[in-house]
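Chain and residue survey
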Amino acid sequence: MVGSSLNGSDSDSIWNVITINGLKKSYQLGEMEVPILHGIDLNVKKGEFVAIMGPSGSGKSTLMNMIGCLDRPTGGSVRLMGKDTASISDNELAELRGFEIGFVFQNFNLIPRLSAYENVLLPTYSNSKKNIDAAQRAKDLLTLVGLDDRLHHKPTELSGGQRQRVAIARSMINDPSLILADEPTGNLDSKTSEEIMGIFSELHGKGCTIVMITHDPEMKKYVDRVVLIRDGKIENN
Ligand SMILES: Nc1ncnc2c1ncn2[C@@H]1O[C@H](COP(=O)(O)OP(=O)(O)OP(=O)(O)O)[C@@H](O)[C@H]1O
Ligand SMILES: [Mg+2]
């Protein structure tokens, strides 16, 4: 069978959830263009659990934002499930983001005025899979992450680790096939980190593709592969 060597062709969609070719990103600071990503090539196969590691400021979150279509590349391409994200319509992109991708942001991005339960339910307001009982699923997910007794607490009434768990529960609400997690265990004690990783391992076992940024070498044991990024380039691949 032909495989992932067919870069960019439609047949790679069978194998790769993420296909990145020559990805570049620069930020405009006044008159100056500051290059951050210098041509990244990266493929992630369906069902893979990949860790992205590298020093602070190396471009990990920037790369994650490009994968999740939260920001536009300056050059190169990002294909998700075989679709070139630069050429699909806004509707298709919204569907892809809403149904197929679960995000766990580095700073949680919880809405302060909403309870834990409402935060988890939030992505279903704009996008909901018809066959999902969103209200029940939000409760089930908060139970899964050990917060069934904190459903109606607001983010400020939760600890850092609990907020992180709400963010993880929210990332799973639409039953995504791809989870993008930026430091999901950053700032957590080792016991809570193990619990969170247990949740990710379970999702991985069910076939979910996971890309996780981490600083913690302890997390290597949970993943299939580590991608090292330094100064906006991949060191190993
Ligand atoms: N919106 C922006 N405008 C200008 N520069 C930015 C912007 N976002 C990020 N950068 C710069 O891009 C570089 C990479 O940032 P990024 O957040 O991707 O790093 P990171 O690898 O995720 O770091 P950390 O491990 O600390 O989270 C940094 O030097 C940062 O200052
Ligand atoms: Mg970051």
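Taking an unreviewed UniProt entry as the reference, the protein chain is identified by name as ABC transporter ATP-binding protein belonging to Methanolobus zinderi.

**Quick look at the sheet that holds strand S10 (residues 233-234)**
Strand order in this open sheet of 6 strands is S6-S7-S8-S3-S9-S10, and the pairing throughout is mixed. Among the strands making up the open sheet, the edge pair consists of strand S6 (101-104) and S10. In the sheet, strand S7 (residues 178-182) pairs with strand S8 (residues 209-213) via 5 bridges, with the strands oriented parallel. Within the sheet, the bridge partner assigned to leucine 180 lies in S8 and is valine 211.

**Considering the coordination of the magnesium ion (ligand 2)**
When a metal holds four donors in a tetrahedron, each ideal angle between them is 109.5 degrees; when it holds six in an octahedron, the ideal angles are 90 or 180 degrees. For the magnesium ion (ligand 2), the full set of protein donor atoms is Ser61 (OG) and Gln106 (OE1), and the range of their distances to it is 2.0 to 2.5 Å. Taken as a pair, serine 61 in helix H1 (residues 60-67) and glutamine 106 in the loop between S6 and helix H3 (116-121) lie far apart in primary sequence, 45 residues in all. For serine 61, a relative accessible area of 23% translates into the label partly exposed.

**Structural notes on the site of ligand 1**
Taken together, Tyr27, Ile36, Pro55, Ser56, Gly57, Ser58, Gly59, Lys60, Ser61, Thr62, Gln106 and His215 make up the full set of residues adjacent to ligand 1. Serine 58 is positioned such that a nitrogen or oxygen atom in its backbone is 3.2 Å from an oxygen atom of ligand 1. At 3.4 Å from an oxygen atom of ligand 1 is found a side-chain nitrogen or oxygen belonging to histidine 215. Coverage of ligand 1 by the protein chains reaches 62% of its 640 Å² of free accessible surface. Among the residues forming the shell around ligand 1, the class breakdown is 3 nonpolar, 8 polar and 1 charged.

**Quick look at the packing of aromatic side chains**
Considering all chains together, one arrives at 2 aromatic pairs under this definition. On the numbers, 6.5 Å between centres and 55 degrees between planes, the contact of phenylalanine 49 with phenylalanine 200 is tilted. With a gap of 151 residues between them, phenylalanine 49 in strand S3 (residues 49-53) and phenylalanine 200 in helix H7 (residues 190-205) connect regions that are remote in the sequence. Looking at phenylalanine 200, the relative accessible area reads 0%, which means it is buried. Here phenylalanine 103 and phenylalanine 105 contribute two aromatic rings whose centre-to-centre distance is 5.5 Å and whose plane-to-plane angle is 10 degrees, an arrangement assigned as stacked.

**Here we look at the pattern of salt bridges**
Using the criterion set out here, one finds 10 salt bridges in the structure. Of the charged contacts, one joins aspartate 71 and lysine 25 as a salt bridge, the two residues approaching to 3.5 Å between their closest N and O atoms. One end of the pair, aspartate 71, is in the loop between H1 and strand S4 (75-80); the other, lysine 25, is in strand S1 (residues 16-29), and 46 residues separate them in sequence. Ionic pairing is found between arginine 225 and glutamate 48, a salt bridge with its closest N-O pair at 2.9 Å. Placement of arginine 225 in strand S9 (residues 225-230) and of glutamate 48 in the loop between strand S2 (32-45) and S3 is noted, with a sequence separation of 177 residues between them.

**Topic: the side chain of serine 193**
Along the polypeptide, serine 193 turns up in helix H7. A residue is classified by how much of its surface remains accessible, and serine 193, at 4% relative accessible area, is buried. Filtering out sequence-adjacent residues up to four positions away, serine 193 remains in contact with Thr185, Leu188 and Met219.

What counts, and where the lines are drawn
Residues numbered from 1 in each chain as written. Chains lettered and ligands numbered in written order. Predicted model: local features only at pLDDT ≥ 70, side-chain atom pairs only at ≥ 80, totals over all residues. Heavy atoms only, no water. Pairing = 2+ DSSP bridges. Helix = DSSP H or I, 4+ residues; strand = E, 2+ residues; numbered from the N terminus. Donors = N, O, S within 2.8 Å, 3.2 Å for Na, K, Ca; no water. Buried < 20%, exposed > 50% of the residue type's maximum accessible area, 1.4 Å probe, protein only. Near = heavy atom within 4 Å. Polar contact = N/O pair within 3.5 Å; in protein donor to acceptor, adjacent residues only side chain to side chain. Areas by Shrake-Rupley, 256 points an atom, 1.4 Å probe, with all protein chains shown as cover. Nonpolar A, V, L, I, M, F, W, Y, C, P; charged D, E, K, R; others polar. Phe/Tyr/Trp six-rings, centres within 6.5 Å; stacked < 30°, edge-to-face > 60°. Salt bridge = Lys/Arg side-chain N within 4 Å of Asp/Glu carboxyl O. Contact = heavy atoms within 4.5 Å.

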